[in-house]
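Examination of the molecular architecture
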Amino acid sequence: MAAYGRPTLRDLFDEAPTPHIAHPPRTHHRDFYLATDGSYRGASGNADRSGDRGGLGVVIETRDGTRVARLSLTHPVPDNNVAEYRALHFGLDVLAARSPSDARVGVLIDHDDLAANLNAAVINGRDPRFEPTHQVHVPHNTGLHWRGIRARLRDFDAIRAARIRSGHNPAHPLANAPDEYKHVNSEPDRCVLPETPATVADERYPPPSRADRGGASD
């Protein structure tokens with residue numbers, strides 16, 4: 001279970017806007033929640049920029065707040081956009097290896113455009129004839145990771161992204177201080193199946209979409 005006084009990823013997800021996708025009651029029945037963040041801390045001075053400093057942070061929990069994984073890695077990146085996309089790509093890889101193929105996933109991201117792009121890709125994947133409300137624009141140098149993210153969408157039954165503020169993102173400190181948090185990488189690997197919900201929410205009265213709330217990027 002989640003530590004006392006710390007909101008679970010489910011709590012954060014349920015209170016956050018999901019760009020371009022309505023937030024129906026079955027959101028409460030996500031099986032896994034994934035929070036990711038990437039950081040870029042400046043150029044190294046190398047000509048090929050291979051040593052540019054960056055970090056990746058990943059937190060995965062089940063519906064009831066049971067932790068599945070925490071990861072904090074140093075990773076060279078050319079800019080913050082690449083770091084954010086790389087972190088999500090990495091987090092989805094980890095979750096796919098530790099969850100069943102019918103898992104319903106809620107993703108928490110503090111990068112507005114990435115959250116919008118992910119949800120647009122989900123909508124377009126359901127029916128290519130559907131006219132998207134968001135035109136996907138992928139930042140320079142992130143194409144490889146974006147392709148990996150889209151490929152991973154097939155490994156889950158359902159997935160959607162919510163925008164949260166970086167100060168509320170539990171993956172944020174893991175990405176920004178990987179040297180300080182490297183001990184979390186020694187935590188044992190866990191494959192945890194979430195508990196079956198005791199009740200099912202009444203979907204006759206779905207709440208309105210929260211996609212029009214303010215942005216989250218800091």
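These notes cover the structure that comes with them. (Residues numbered from 1 in each chain as written. Predicted model: local features only at pLDDT ≥ 70, side-chain atom pairs only at ≥ 80, totals over all residues. Heavy atoms only, no water.)

Remarks on the environment of Y33
Of note, Y33 is situated in strand 1 (residues 32-40). Relative accessible area serves as the criterion here: at 0%, Y33 is assigned to the buried category. Spatially, the C-alpha atoms of Y33 and I60 are 5.7 Å apart, while their sequence positions differ by 27 residues. (Helix = DSSP H or I, 4+ residues; strand = E, 2+ residues; numbered from the N terminus. Buried < 20%, exposed > 50% of the residue type's maximum accessible area, 1.4 Å probe, protein only.)

Observations regarding the environment of C191
Within the secondary structure, C191 sits in the segment after helix 5 (172-176). Judged by its relative accessible area of 61%, C191 falls in the exposed class. Taking the C-alpha atoms as reference points, C191 and A69, 122 residues apart in sequence, are found 8.9 Å from one another. Setting aside its immediate chain neighbours within four residues, C191 contacts A97 and R98. (Contact = heavy atoms within 4.5 Å.)

So, the pattern of salt bridges
Tallied over the full model, the rule gives six salt bridges. A salt bridge links E187 to R70; the shortest N-O distance between them is 2.5 Å. With E187 in the segment after helix 5 and R70 in strand 3 (residues 67-74), this residue pair connects regions lying 117 residues apart in the sequence. The partly exposed category is assigned to R70, whose relative accessible area is 21%. Put simply, R104 and D157 hold a salt bridge, and the shortest N to O gap is 3.9 Å. In this pair, R104 is assigned in strand 4 (residues 104-109) and D157 in the loop between helix 4 (143-152) and strand 5 (158-163), connecting sequence segments 53 residues apart. For R104, a relative accessible area of 18% gives the class buried. Taken together, the shared-partner salt bridges connect D93, R152 and D155 into one network. (Salt bridge = Lys/Arg side-chain N within 4 Å of Asp/Glu carboxyl O.)

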